[in-house]
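Tertiary structure, described
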Amino acid sequence: MEHSIDFVITWVDNTDPAWRADYLKYSGKADDGSIRYRDWNNLRYWFRGVEKFAPWVNNIYFITYGHLPKWLNVDAPKLKVIKHRDYMDERYLPTFSSHPIEFFLHRIEGLSERFVYFNDDTFLVNAIKPSRFFVNGLPCDMAILSPMFIGGMHGHTVYNALDIINTYFNKRDVIKGNLSRWFHPRYGKFLIRNLFDVGYSYFTGFHDHHLPQGYLKETYEDAWEKNRKAFEETCSHKFRCQDDVCIWVMRYWQLVKGNFHPINVKSDSSYYLTNDGNVDEISHVISSQKKNIIVINDSLELRDFENAKKVINQAFAKILPDKCSYEL
């Protein structure tokens, strides 16, 4: 492998008494149980998938408030347990927003220049090569334009990210300077979106995928240098708010600077927003290993949660039955 590639995954145990006490202290809420999220109990399959399907990974950086899964083997050779205070300024702690946790990733001591950021609902379910994430030292991605509609808190944070991109980059110059990357044949049907949107003089939005994404530390450093005030303001908020800048600004920054290798990220991946009607399909995609990456995004549309957890975790157990080095 030409360059070492690290994996980074963030995780929180919102049942941890210390975390809950801090949350309630800073939110001013009473402990009525409303902050208890559903636990899929499938994090071990993330680690098993990485060890089996991406044995080439350099190190895994497991980021946490301070708590750990009871089954985690902290002495696993490739595992680096990182607490928020290990790489974030004290003035931003504690935080209950993912934005500051993600904005400071480049400051993790020892992290490789090239790393892949995972959410804890993104899993490897089949063999995958380093070239899925980086080629010639550049992160793999697809530059697809897609007009966004502002709605809800998240929509505002995405808009704020776009505002930054449009402040520093001229859309026509960006696309003209990297025409082959913006209109690459690998994008297939997604190219239609670029054809329809290219006439606008500014970036109206990007097609956002909820998949593991490769990043360069230099991207973070460059974006921070030019947007320190906006980023520090975002990181000062202990809870998400619509004035924040979404972390996707880092991905957008790579795209508009041309620091990416064009692929169709959807070709080997499946994304699911769970509901009672797609549990069997999710289970089948996992057990058949039809894709290399699967995203299982929890949703309130899923009412029979216990059955869904059982069925989906049985599928994981079918392809990943054995403990890995990251488990006690």
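Bear in mind the structure is a predicted one, so any value in this text is a computation, not a measurement.

Quick notes on the overall build of the protein chain
- For the protein chain, the helix and strand inventory stands at twelve helices and eleven strands.
- The C-alpha radius of gyration computed for the protein chain amounts to 20 Å, which stays within 12% of the reference 20 Å derived for 328 residues, consistent with globular compactness.
- Taken over the C-alpha atoms alone, the protein chain extends approximately 50 × 45 × 40 Å along its principal axes.
- In the protein chain, which comprises 328 residues, the share counted as buried stands at 55%.
- Residue pairs at least 24 apart in sequence account for 77% of intrachain contacts in the protein chain once pairs closer than 6 positions are excluded.
- Of the roughly 15,200 Å² that the protein chain leaves accessible, carbon and sulfur atoms contribute 49%.
- Between the centroid of the 41 positive side chains of the protein chain and the centroid of its 41 negative side chains there is a distance of 4 Å.

Focus: the pattern of salt bridges
- Considering all chains together, one arrives at 14 salt bridges under this definition.
- With its nearest N and O atoms 3.6 Å apart, the salt bridge here joins E232 to R91. Taken together, the residues span a long stretch of sequence, with E232 in helix α9 (residues 217–235) and R91 in the loop between α3 (84–87) and α4 (98–103) at a distance of 141 residues.
- One salt bridge in this structure joins K226 and D222, with 2.5 Å as the shortest N-O distance. Here K226 and its partner D222 are both found in helix α9, four residues apart, which amounts to about one turn of the helix.
- Judged by its relative accessible area of 37%, K226 is partly exposed.
- Classification of D222 by relative accessible area gives buried; the value is 14%.

Things to note about the sheet that holds strand β6 (residues 134–135)
- With mixed pairing, the three strands of this open sheet are ordered in space as β6-β7-β9. Strand pairing shows two members of the sheet lacking a second neighbour, β6 and β9 (261–262), which therefore form its edges.
- Summarising the sheet, strand β7 (residues 138–141) and β9 pair through two bridges and their orientation is parallel. Along β9, the bridge assignment pairs C140 with H261.

Here we look at unusual backbone geometry
- Here L93 and P94 are connected by a cis peptide whose omega angle stands at -10 degrees.
- With a phi angle near 55 degrees, N41 is a residue other than glycine that sits in the positive phi range.
- With respect to the helices and strands, the residue N41 is situated in the loop between α1 (17–27) and α2 (43–53).
- A relative accessible area of 43% places N41 in the partly exposed class.
- For N136, which is not glycine, the phi dihedral falls at a positive 55 degrees.
- Among the secondary structure elements, N136 is positioned in the loop between β6 and β7.

Quick word on the pairing of β7
- In the sheet, β6 pairs with β7 via two bridges, with the strands oriented antiparallel. Bridged to V135 within β7 is L138.
- Connecting β6 to the next strand, β7, in antiparallel fashion are two residues, including N136 with a positive phi near 55 degrees.

Remarks on the packing of aromatic side chains
- A complete count under the given rule lists 35 aromatic pairs for this structure.
- The interplanar angle of 20 degrees and the centroid separation of 5.2 Å between the aromatic rings of F96 and F239 together place this pair among those described as stacked. A residue pair is termed long-range when its members are at least 10 positions apart, and F96 in the loop between α3 and α4 and F239 in the loop between α9 and α10 (248–257) qualify at 143 residues.
- According to the relative accessible area criterion, F96 is buried, its value standing at 15%.
- For F239, a relative accessible area of 25% puts it in the partly exposed group.

Here's the deal with the side chain of K171
- Tracing the chain through its elements places K171 in helix α6 (residues 171–177).
- Of note is the side chain of K171, whose polar atom sits 3.2 Å from the backbone oxygen of Y200.
- Excluding residues that lie within four positions of it along the chain, K171 makes contacts with L145, D197, V198, Y200, S201, Y202 and F203.

Re the packing of helix α11 (residues 279–288) against helix α12 (residues 305–319)
- Put simply, α11 and α12 touch, their axes get as near as 8 Å, and they point 10 degrees apart. Judged by the angle between their axes, α11 and α12 are roughly parallel. Note on element contacts: α12 touches α11 through A308, V311, I312, A315, F316, K318 and I319, opposite V279, D280, I282, S283, I286 and S287.
- Partitioning the contact of α11 with α12 into residue classes produces nine nonpolar, two polar and two charged.

Overview of the sheet that holds strand β4 (residues 114–118)
- In spatial order, the strands read β3-β2-β1-β4-β8; together these five strands make up an open sheet with mixed pairing. Strands at the two margins of the open sheet, each flanked by one partner only, are β3 (79–83) and β8 (213–216). The average angle at which neighbouring strand axes cross in this sheet is 30 degrees, direction not considered.
- Pairing between β4 and β8: four bridges, direction antiparallel. In the sheet register, V116 faces β8, and the bridge partner there is G214.
- This element, α9, spans β4 and β8 of the sheet and lies at about 65 degrees to β8.

Scoring rules and cut-offs
One numbering rule holds for all chains: residues counted from 1, following each sequence as written. It should be noted that, the model being predicted, local features are given only for residues of pLDDT at least 70 and side-chain atom pairs only at 80 or more, the latter also being counted only at that level, while totals for whole chains, interfaces and linings use all residues. Heavy atoms from the whole structure form the basis of all side-chain values; hydrogens and water molecules are not counted. Helix numbers and strand numbers start at the N terminus; a helix is a DSSP run of H or I with at least 4 residues, a strand a run of E with at least 2. A radius of gyration in this sense is built from C-alpha atoms; the matching globule rule multiplies 2.2 Å by the number of residues raised to 0.38. Throughout this description, buried means an accessible area under 20% of the type-specific maximum (1.4 Å probe, protein chains only), exposed means over 50%, and partly exposed covers the range between. Contacts between residues were defined by any pair of non-hydrogen atoms, one from each residue, lying within 4.5 Å. Residue-level accessible areas treat just the shown protein chains as cover; the underlying method is Shrake-Rupley with a 1.4 Å probe. Counted as positive: Lys and Arg. Counted as negative: Asp and Glu. His and the chain ends are not counted at all. Think of each charge as sitting on NZ of Lys, CZ of Arg, CG of Asp or CD of Glu. We define a salt bridge as a side-chain nitrogen of Lys or Arg found within 4 Å of a carboxyl oxygen belonging to Asp or Glu. Note: two strands are recorded as paired if DSSP finds a minimum of 2 bridges between them. Classification of ring pairs uses Phe, Tyr and Trp, with its six-membered ring standing for Trp, and accepts pairs whose centres are within 6.5 Å; under 30 degrees between planes counts as stacked, over 60 as edge-to-face, and the remaining range as tilted. Under this definition, polar contacts are N or O atom pairs within 3.5 Å; protein pairs additionally need one hydrogen-donor-capable and one acceptor-capable atom, and for neighbouring residues in sequence, both atoms have to be side-chain atoms. Axes here refer to lines fitted to C-alpha atoms; in helices the fit is confined to the stretch in contact. Angles between the N-to-C directions go from 0 to 180 degrees. By the definition adopted for this analysis, an angle is roughly parallel if under 35 degrees, roughly antiparallel if over 145, roughly perpendicular if from 65 to 115, and oblique otherwise. Put simply, Ala, Val, Leu, Ile, Met, Phe, Trp, Tyr, Cys and Pro go in the nonpolar bin, Asp, Glu, Lys and Arg in the charged bin, and everything else, Gly too, in the polar bin.

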